[in-house]
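Spelled out, the chains give:
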Amino acid sequence: MRRAVCPGSFDPVTNGHLDIVGRASRLFDEVIVVVTINQSKTSLFTVEERIDMLRQVTSSYDNVRVESFRGLLVDFCRAQEASVLVKGLRAISDFDYELQMAHMNIGLAGVETLFMPTNPLYSFLSSSLVKDVAKWGGDVTSHVPDVVREALRSRLDPSVRD
């Protein structure tokens, strides 16, 4: 079985992330979307909330499942018998860091990295940018699935909490 892992913090998941997951699902028998847990980052959504949103927005893919993991990603890959990481690249600035990680992952565990260029529609899109726009009341409808837009609104709009 050809199994791949699509890692990320997904705080929150964007249409750019979903573009990569959907395309990977056509190339591999199984795709594991893994929410990586990074203690040094402050997240807007809990790991459980991110997993729930991802499960909802990937439910149309029969060969995609969602997990979480803390630690070395190659250890997760080994445990799941996945030999490929799929990473989306938006710009050349992404490539520099991701190439270093790819070299480390192949050296540590023989895990290959497949770089997939992001659809140009999403080349500027990041979770951080979406959170900033939503925080100031901007419309993120075209950048995230509806369930994520509603979660952002609930979390960031003070009138919803009152």
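Scroll up to find the structure.
Residues numbered from 1 in each chain as written. Predicted model: local features only at pLDDT ≥ 70, side-chain atom pairs only at ≥ 80, totals over all residues. Heavy atoms only, no water.

Draft legend 1. Structural view of helix H4 (residues 92-109). Relative to the 26 Å expected for 18 residues at 1.5 Å per residue, H4 spans 26 Å between its end C-alpha atoms, a close match to the ideal helical length. Glu-98 marks where H4 bends most, by close to 25°. Those residues of H4 lying buried are Asp-94, Glu-98, Ala-102 and Asn-105. Where H4 terminates, the next one or two residues include Gly-110, which has phi positive at roughly 70°. (Helix = DSSP H or I, 4+ residues; strand = E, 2+ residues; numbered from the N terminus. Expected span 1.5 Å × (residues − 1). Bend = angle between axes of the 7 residues up to and from the residue. Buried < 20%, exposed > 50% of the residue type's maximum accessible area, 1.4 Å probe, protein only.)

Draft legend 2. View of the packing of aromatic side chains. Inspection of every chain in the model, using the stated rule, returns 2 aromatic pairs. Their ring planes at 50° and their centres at 5.3 Å tell us that Phe-69 and Phe-76 sit as a pair that is tilted. Ring plane angle 65° and centroid distance 5.6 Å describe the contact between Phe-95 and Phe-115, whose orientation is recorded as edge-to-face. Of the two residues, Phe-95 sits in helix H4 while Phe-115 sits in strand E5 (residues 112-117), which places them 20 residues apart along the sequence. Residue Phe-95 is classed as partly exposed on the basis of its relative accessible area of 30%. (Phe/Tyr/Trp six-rings, centres within 6.5 Å; stacked < 30°, edge-to-face > 60°.)

Draft legend 3. Representation of unusual backbone geometry within the structure. For the bond from Asp-11 to Pro-12, the omega torsion is 0°, close enough to zero to count as cis. Mapped onto the elements, Pro-12 comes out in the loop between strand E1 (3-8) and helix H1 (15-27). Phi at Phe-10 takes a positive value of approximately 50°, unusual for a residue other than glycine. By the element assignment, Phe-10 lies in the loop between E1 and H1. According to the relative accessible area criterion, Phe-10 is buried, its value standing at 4%. The residue Glu-81 is not glycine, and still its phi comes out positive at about 55°.

Draft legend 4. Main features of the sheet that holds strand E4 (residues 84-89). Spatial ordering of the open sheet is given by E3-E2-E1-E4-E5, a layout of 5 strands whose pairing is parallel. A strand with exactly one partner marks an edge of an open sheet, and here the two such strands are strand E3 (64-69) and E5. Each strand of the sheet is rotated relative to its neighbour by a mean of 30°, with strand direction disregarded. (Pairing = 2+ DSSP bridges. Axes fitted to C-alpha atoms, helices over the stretch in contact; angles between N-to-C directions.)

Draft legend 5. Structural detail: the pattern of salt bridges. Applying the stated criterion across every chain yields a total of 13 salt bridges. Linking Asp-19 and Arg-23 is a salt bridge whose minimum nitrogen-to-oxygen distance equals 2.8 Å. With Asp-19 and Arg-23 both in helix H1 and 4 residues apart, this pair spans about one turn of that helix. The closest approach of N and O atoms between Arg-65 and Glu-30, which form a salt bridge, is 2.6 Å. Here the residue Arg-65 occupies a position in strand E3, and Glu-30 occupies one in strand E2 (residues 30-36), the gap between them amounting to 35 residues. (Salt bridge = Lys/Arg side-chain N within 4 Å of Asp/Glu carboxyl O.)

Draft legend 6. Main features of the nonpolar core. Of all hydrophobic cores here, the largest spans 32 residues; its most connected members are Cys-6, Val-13, Val-31, Val-33, Leu-54, Val-86 and Leu-152. Breaking this core down by element, the ones donating at least two residues are E1, H1, E2, helix H2 (47-57), E3, E4, helix H5 (127-135) and helix H6 (146-156). The biggest single contributor to this core is H2, with 5 residues. The contacts of Val-33, once residues within four sequence positions are left out, are Cys-6, Phe-10, Val-21, Leu-54, Val-64, Arg-65, Val-66 and Glu-67. By size, the runner-up hydrophobic cluster in this structure holds 10 residues, among which are Val-5, Val-34, Leu-85 and Val-111. (Core = buried A, V, L, I, M, F, W, Y, C linked by side-chain atoms within 4.5 Å. Contact = heavy atoms within 4.5 Å.)

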